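The lines below spell out each chain.
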Amino acid sequence: MSVDIERLLECMTWEQKLLQLQIVWRPDGAERAELARRGLGAAFWPPSVTEVNALQRIAVEETEHGIPLLIALDVVHGQFTIFPTPLAQAASFDPSVAADDARVSAIEAGTNGVNWTFSPMVDVVRDPRWGRVVESFGEDVYLASELTVAKVDAYQRSDSGGVASCLKHFVAYGAAEAGRDYNSTEVSPRRLRETYLETFRTGVECGAMSVMAAFNSLNGHPMHAHRDLLTGVLKEEWGFDGVVVGDADGVAQLVDHGVVADEKAAIALAFESGIDMVMGGTLLVDSQGVALLSPEEVSSRRIDDAVRRVLTLKQRLGLFERPYTDESAAVSGAAAEHRDLSRRAAERCAVLLTNDGALPLNATGRVLLAGPFVRSRDHLGAWVQHFAEPVRETLADALARELPGVEWDVVDGAGFFTADDDAIADAVERSAAADVVVLALGEPSGLSGEAASRADITLPEAQRRLIHALADAGARIVVVLVTGRPLVVEDWVDRVGSLLCVWHLGTEAPAAIAAILSGRVNPGGRVPMTFPRAIGQVPIHYDHERTGRPPRIGGSLLNAPDALATDVVAEFTGPNNTDDRYTSKYLDLPLGPRFDFGHGLSYTSFELEDLAVSAEATTTNRLADEVILVSVTVRNTGERDGDDVVMLFVTDEVATVTQPVRRLRGFRRVQVATGASVLIEFTIGRDDLSFWADGEARTLEPGDFTITLDDGTSRLSTRLTVEPA
Ligand code: GLC
């Protein structure tokens, strides 16, 4: 039955309203039941559909108003069947990968009583020191927005189980100073709009049912008390009518931020600012039924608004009509069809970063397989629950199955963090008899995720020792890099023949990696977040703004004149020497990153041809309701079928505020058979050419734009002129 929310609100007491506005984690079943009996609004998933129904029965049948519970869980990239991490999904440049994750997750979690997932994380991130990059869709707003829409839609669509999505963490959490989790952020209003708010705006626009506040302060204002953004922008400007939930103890931590004296004041401030539901902390109504806050301490109008949002969310989920979950339909594990989807996703997320021809591996010959990920099953990545389907096999098992004609010599060589000289010496000795050495190296899942920032984002030293020892011995090396983040690979990348980045690919990782190494699957992923040459370059991202002194050549201290070593070189030849010396670069690094956003190789090759636009000139008025059509042909010039990713970038050549050197405004992943060509079409509209200046809305300025089609290897550009009016 549909409930009359206004009437229900009128019948609720102050205490009953406050109880609806809190979610707590209680491992003890009896305590969970007691809180449901008191009328709590939400609970974390008790680990079974049977207990979910027991809790719902208490909420519906043993409380005065019978309001069902929201049952929440962090289903970030899988419940039982684990998909590649969100950053890996971004590397696929294929929204269907993210949608498959969300749809399978909604089925596996929804049929077990979960009706609210704290996902997708839509924070844009440009600092790989921050451990939560693994949960993000990387550095680009457009790519992240496309995947956001795919996930929100797939989580919430009723045929996939219909769980409420939650856009997190609002906002600019990814801009944590120094990449240190939970740290302060300072972001200009323009950057906030252009980069950090945009994925949330897109998610709200496509119907996300909830938003989670971020732990960080933004320009001195903790997000759990940021009224201008939580209420002013999110609710009033964007019209968001869902629920804003605090992050774990994020409301209570306003005390630690130093903006309130105690938790009671924190709760009042958070509600007044626009938080609708508190996660964790002191119970808003104690076991005696006494409310922590009175209507004199927080406005009853605000509390009513928050309760209305929570009740509306429950109604949208159909909980009033169907509070119970059909236990006979509960999915109990990773079904074969879900595994297949996870493996397909994994195959599409891997990025071939370098290849001197060592990949794909031959089907015969002798291969030395070494490194900590040879026998490790740690491929699930951060943010999986303890009941996730474990990885069944090791990479060694999968490769032996995939390439039975190869004589495999399998050794550890080094651990994740330790290596002894004998093990390395043994690997070196064995390499002499091998045609190629495959090293499976990288970060265990625990090195990324929440509270997992790293100040040094290189491979652990033990693993680097193994690489260098084998390279010193002249081995031909293929590195399979398992990682939660972009890593600095500078000291060894040029010593290996091929480098395949496989992120954390989930339940089916070993099979997917083996299929790529054998060539049965041609990798097509692209870098979704820049790989720096050195940690000193961070933050670094492709859509950086121009400077007044763009560099033409990089720096190097390899053969630096002694004068540089002994005293300040006073070779100041005046301000005109801005061609090389006095430009924006590092003395000790070549220009640019090690691997740029969008980079990725294939076992075949592609050529972009016949770039065409429907008009080379238009006007600001016409762009109000017209689009420019852009088409390009992708030709497969190699010997294998393969996927190409074609990206459309826009460059605003002259504007009243500095612009990014280019911005992604379209991408297509397309399969092209060897020798064949495929036509790809894009549209360019007003939003693709406009930007946030310093005002209160996006602005479109007339002028010249460069439209570039780029697949990471070949690039075509054309000019588009926008005339005034
Ligand atoms: C964590 C995370 C958030 C998660 C929440 C509930 O601290 O910041 O992403 O959804 O707690 O588990």
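I will try to describe carefully the structure that is included in this document. None of the values given here were measured: they were computed from a predicted structure.

Definitions and cut-offs
- Residues numbered from 1 in each chain as written.
- Predicted model: local features only at pLDDT ≥ 70, side-chain atom pairs only at ≥ 80, totals over all residues.
- Heavy atoms only, no water.
- Axes fitted to C-alpha atoms, helices over the stretch in contact; angles between N-to-C directions.
- Helix = DSSP H or I, 4+ residues; strand = E, 2+ residues; numbered from the N terminus.
- Parallel < 35°, antiparallel > 145°, perpendicular 65-115°, else oblique.
- Left-handed = near helix turned anticlockwise from the far one by under 90°.
- Contact = heavy atoms within 4.5 Å.
- Nonpolar A, V, L, I, M, F, W, Y, C, P; charged D, E, K, R; others polar.
- Pairing = 2+ DSSP bridges.
- Near = heavy atom within 4 Å.
- Polar contact = N/O pair within 3.5 Å; in protein donor to acceptor, adjacent residues only side chain to side chain.
- Areas by Shrake-Rupley, 256 points an atom, 1.4 Å probe, with all protein chains shown as cover.
- Buried < 20%, exposed > 50% of the residue type's maximum accessible area, 1.4 Å probe, protein only.
- 1 Å grid on protein atoms, 1.4 Å probe; cavity = no way out; pocket = protein on both sides within 12 Å on 5 of 7 lines; lining within 4 Å.
- Points joined across faces, edges and corners; volume = space filled by probe spheres on them.
- Core = buried A, V, L, I, M, F, W, Y, C linked by side-chain atoms within 4.5 Å.
- Salt bridge = Lys/Arg side-chain N within 4 Å of Asp/Glu carboxyl O.

### Quick word on the packing of helix α6 (residues 95-110) against helix α7 (residues 141-156)
Link 1 in the chain: Running from amino to carboxyl end, α6 crosses α7 at an angle of 25°, the nearest separation of the two axes being 8 Å. Accordingly, the angle class assigned to the pair α6 and α7 is roughly parallel. Here α6 and α7 pass one another in a crossing that is right-handed. Contact with α6, carried on its side by Pro95, Ala98, Ala99, Asp101, Ala102, Arg103, Ser105 and Ala106, involves Glu146, Leu147, Ala150, Lys151, Ala154 and Tyr155 of α7 and no other residues of that element.
Link 2 in the chain: Looking at the contact of α6 with α7, its residues break down into nine nonpolar, one polar and four charged.

### Let's talk about the sheet that holds strand β6 (residues 210-213)
Link 1 in the chain: One open sheet holds the three strands; their spatial order is β5-β6-β9, and the pairing between them is parallel. At either end of the open sheet lies a strand with only one pairing partner, and these are β5 (166-170) and β9 (243-245). Pairwise comparison of adjacent strand axes, ignoring direction, gives a mean angle of 25° for this sheet.
Link 2 in the chain: The pairing of β6 with β9 spans three bridges and is parallel. Its bridge partner being in β9, Ser210 is matched across the sheet by Val243.

### Some remarks on the side chain of Ser631
Link 1 in the chain: Here Ser631 is to be found in strand β19 (residues 628-636).
Link 2 in the chain: If we ignore the near neighbours within four places in the chain, the residues touching Ser631 are Asp610, Leu611, Ala612, Leu679, Ile680 and Glu681.

### Observations concerning the site of the ligand
Link 1 in the chain: Inspection of the region around the ligand gives Asp74, Phe118, Arg132, Lys168, His169, Met212, Phe215, Asp247, Ala248, Met279, Trp383 and Glu450 as its neighbouring residues.
Link 2 in the chain: Contact distances for the ligand include 2.8 Å between an oxygen atom and a side-chain N or O atom of Arg132.
Link 3 in the chain: Here an oxygen atom of the ligand and a side-chain polar atom of Asp247 are 2.6 Å apart.
Link 4 in the chain: Protein coverage of the free-state accessible area of the ligand, which is 310 Å², stands at 90%.

### As for the sheet that holds strand β13 (residues 406-410)
Link 1 in the chain: Spatial strand order, β11-β16-β15-β14-β12-β13: six strands in an open sheet with mixed pairing. Whereas interior strands pair on both sides, the edge strands pair on one side only; in this sheet they are β11 (351-355) and β13. Mean inter-strand twist for the sheet, computed between neighbouring axes without regard to direction, equals 20°.
Link 2 in the chain: Pairing of strand β12 (residues 365-370) with β13 involves five bridges; the strand directions are parallel. Pairing of Leu368 across the sheet is with Asp409, part of β13.
Link 3 in the chain: The sheet contacts of helix α15 (residues 395-402) involve β12, β13 and β14 (436-442), and relative to β13 the element is tilted by about 165°.

### Points about the side chain of Arg663
Link 1 in the chain: Its location among the elements puts Arg663 in strand β21 (residues 663-672).
Link 2 in the chain: A residue is classified by how much of its surface remains accessible, and Arg663, at 12% relative accessible area, is buried.
Link 3 in the chain: Looking at Arg663, its side chain comes within polar contact range of the main-chain oxygen of Asp688, at 2.9 Å.
Link 4 in the chain: Setting aside anything within four residues of it in sequence, one finds Arg663 in contact with Glu194, Tyr542, Leu648, Phe649, Val650, Asp687, Asp688, Leu689, Ser690 and Arg698.

### With respect to the layout of surface pockets
Link 1 in the chain: Its boundaries defined by the atoms lining it, the largest pocket holds a volume of some 970 Å³.
Link 2 in the chain: Contributing to the lining of the largest pocket are 49 residues, with Arg126, Val141, Glu194, Thr195 and Asp543 lying nearest its centre.
Link 3 in the chain: Taken together, the residues that form the lining of the largest pocket break down as 15 nonpolar, twelve polar and 22 charged.
Link 4 in the chain: Counted as a void, the second largest pocket has a volume near 810 Å³.
Link 5 in the chain: Lining the second largest pocket are 27 residues, and of these His541, His544, Pro551, Gly592 and Val661 sit closest to its centre.
Link 6 in the chain: Of the residues assigned to the lining of the second largest pocket, the class counts are eleven nonpolar, ten polar and six charged.

### Comments concerning the nonpolar core
Side chains that are nonpolar tend, in soluble globular proteins, to be buried together.
Link 1 in the chain: Membership of the largest hydrophobic core comes to 185 residues, with the highest contact counts inside it found for Ile23, Trp116, Phe118, Phe170, Val171, Leu439 and Leu517.
Link 2 in the chain: The contacts of Leu517, once residues within four sequence positions are left out, are Leu359, Pro360, Leu361, Leu399, Val438, Val478, Val480, Leu500 and Tyr603.
Link 3 in the chain: Residues Ile628, Val634, Ile680 and Leu689 belong to the second largest nonpolar core, which totals 22 residues.

### A short note on the pattern of salt bridges
Link 1 in the chain: If you walk through the whole model with that rule in mind, you get 62 salt bridges.
Link 2 in the chain: Residue Arg129 is joined to Asp127 by a salt bridge in which the shortest nitrogen-to-oxygen separation is 2.6 Å.
Link 3 in the chain: Using a relative accessible area of 16% as the deciding quantity, one classes Arg129 as buried.
Link 4 in the chain: With a shortest N-O distance of 2.6 Å, Arg157 and Asp153 are connected by a salt bridge.
Link 5 in the chain: The exposure class assigned to Arg157 is partly exposed, which follows from its relative accessible area of 32%.
Link 6 in the chain: Using a relative accessible area of 38% as the deciding quantity, one classes Asp153 as partly exposed.
Link 7 in the chain: Three or more residues joined by partner-sharing salt bridges are found here, namely Asp94, Asp100, Arg103, Arg344, Arg348, Asp643 and Arg669.

### A closer look at the environment of Arg635
Link 1 in the chain: As for its placement among the helices and strands, Arg635 is situated in strand β19.
Link 2 in the chain: With relative accessibility at 31%, the residue Arg635 sits in the partly exposed group.
Link 3 in the chain: Note: C-alpha distance between Arg635 and Ala676 (41 residues apart in sequence) is 5.8 Å.
Link 4 in the chain: Excluding anything up to four places from it in sequence, Arg635 contacts Ser605, Phe606, Glu607, Glu609, Ala676 and Ser677.

### Some thoughts on empty space enclosed by the protein
Link 1 in the chain: The final tally for this structure, using the stated rule, is four cavities of 30 Å³ or more.
Link 2 in the chain: Computed from the structure, the largest cavity encloses a volume of approximately 90 Å³.
Link 3 in the chain: In terms of lining, the largest cavity is formed by Val24, Trp25, Arg26, Arg32, Leu35, Ala36, Leu40, Ala42, Ala43, Phe44, Leu55 and Leu69.
Link 4 in the chain: Mapped onto the lining of the largest cavity, the elements with two or more residues apiece are α3 (29-38) and β2 (42-44).
Link 5 in the chain: Partitioning the lining of the largest cavity into residue classes produces ten nonpolar, no polar and two charged.

Scope: geometric values only; no functional claims are made or implied.
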